[in-house]
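# Examining the three-dimensional arrangement
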Amino acid sequence: GLLAYAGDQVVGWCQAAPGGMIPALDDEPGATDEGVGNITCFVVAATWRRKGIARLLLQAACESLKRQGMKVAQAYPARQGVAPSEMHFGPLQLYTDAGFDVWRDSPDDPSLTVRKQL
């Protein structure tokens, strides 16, 4: 995972790891494919939300995955219109603004799967 700091204070966190390192994703299509890194969760302190912290964390996560030899970043944003408590994967627009495209859209799944070439 990655941490965002403001001075000495942690203001955000993002979980990102190469495929196969997050067991909860073992059944997720594409998550364990060779060269795929997963971005799965964001937490930003309430007083720091809407200040670009998640965008910076997403950029850092992609850079970290690339340095680890990953060729693709995969993430799981919630569909539009879900409760804020279900937005811990990050909103779809966060990813599309960063160059991710929808890779998998199953109506049975509450999340989309998005990917970006690294």
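The residue numbers shown here count from 1 along each chain, following its written sequence. In keeping with the model being predicted, local features are shown solely for residues with a pLDDT of at least 70 and side-chain atom pairs are shown and tallied solely at 80 or more, while totals for entire chains, interfaces and linings include all residues. Only hydrogens and water are set aside when side-chain values are computed; all heavy atoms of the structure are taken into account.

### Quick word on the environment of Tyr76
Strands here mean DSSP runs of E at least two residues long; helices mean DSSP runs of H or I at least four residues long; both are numbered from the N terminus. Looking at where Tyr76 falls in the secondary structure, it is placed in the loop between β4 (72-75) and α2 (92-97). Remark: exposure states derive from per-residue accessible area (1.4 Å probe, protein chains only) relative to the maximum for the residue type, with buried under 20%, exposed over 50%, and partly exposed in between. Residue classification places Tyr76 among the buried positions, given a relative accessible area of 4%. Considered as a pair, Tyr76 and Asn38 are 38 residues apart in the sequence and their alpha carbons are 8.6 Å apart. Contacts are assigned to residue pairs with any non-hydrogen atoms lying within 4.5 Å of each other. Ignoring anything within four residues of it in the chain, the contact list for Tyr76 reads Leu25, Glu28, Ala31, Asn38, Ile39, Thr40, Phe89, Ser111, Leu112 and Thr113. Polar contacts here mean pairs of N or O atoms no more than 3.5 Å apart (in protein, one a potential hydrogen donor and the other a potential acceptor; neighbouring residues in sequence count only if both atoms are side-chain atoms). Side chain to side chain, Tyr76 and Asn38 meet in a polar contact 2.5 Å long. A distance of 2.8 Å separates a polar atom in the side chain of Tyr76 from a polar atom in the side chain of Gln74.

### Notes on the sheet that holds strand β2 (residues 9-18)
When DSSP finds at least two bridges between two strands, those strands are taken to pair. Pairing is mixed across the open sheet formed by six strands, whose spatial order is β1-β2-β3-β4-β6-β5. Both edges of this open sheet fall to β1 (2-6) and β5 (101-104), since each of them pairs with a single strand only. Put simply, the sheet's adjacent strands are angled 30° from each other on average, direction ignored. Two strands pair when backbone bridges link them, and β4 and strand β6 (residues 113-117) are joined in this way by four bridges, in the antiparallel orientation. Within β6, the residue paired with Ala75 across the bridge is Val114. Fitting a line to C-alpha atoms yields each axis, with helices limited to the stretch in contact; the angle taken between N-to-C directions then spans 0 to 180 degrees. Relative to strand β3 (residues 36-44), helix α1 (residues 53-67) is tilted by about 155°, and along the sheet it contacts β1, β2, β3 and β4.

### What to know about unusual backbone geometry
Of note, the phi angle at Arg50 is positive, near 65°, even though the residue is not glycine. Looking at the element boundaries, Arg50 is found in the loop between β3 and α1. Looking at Arg50, the relative accessible area reads 88%, which means it is exposed.

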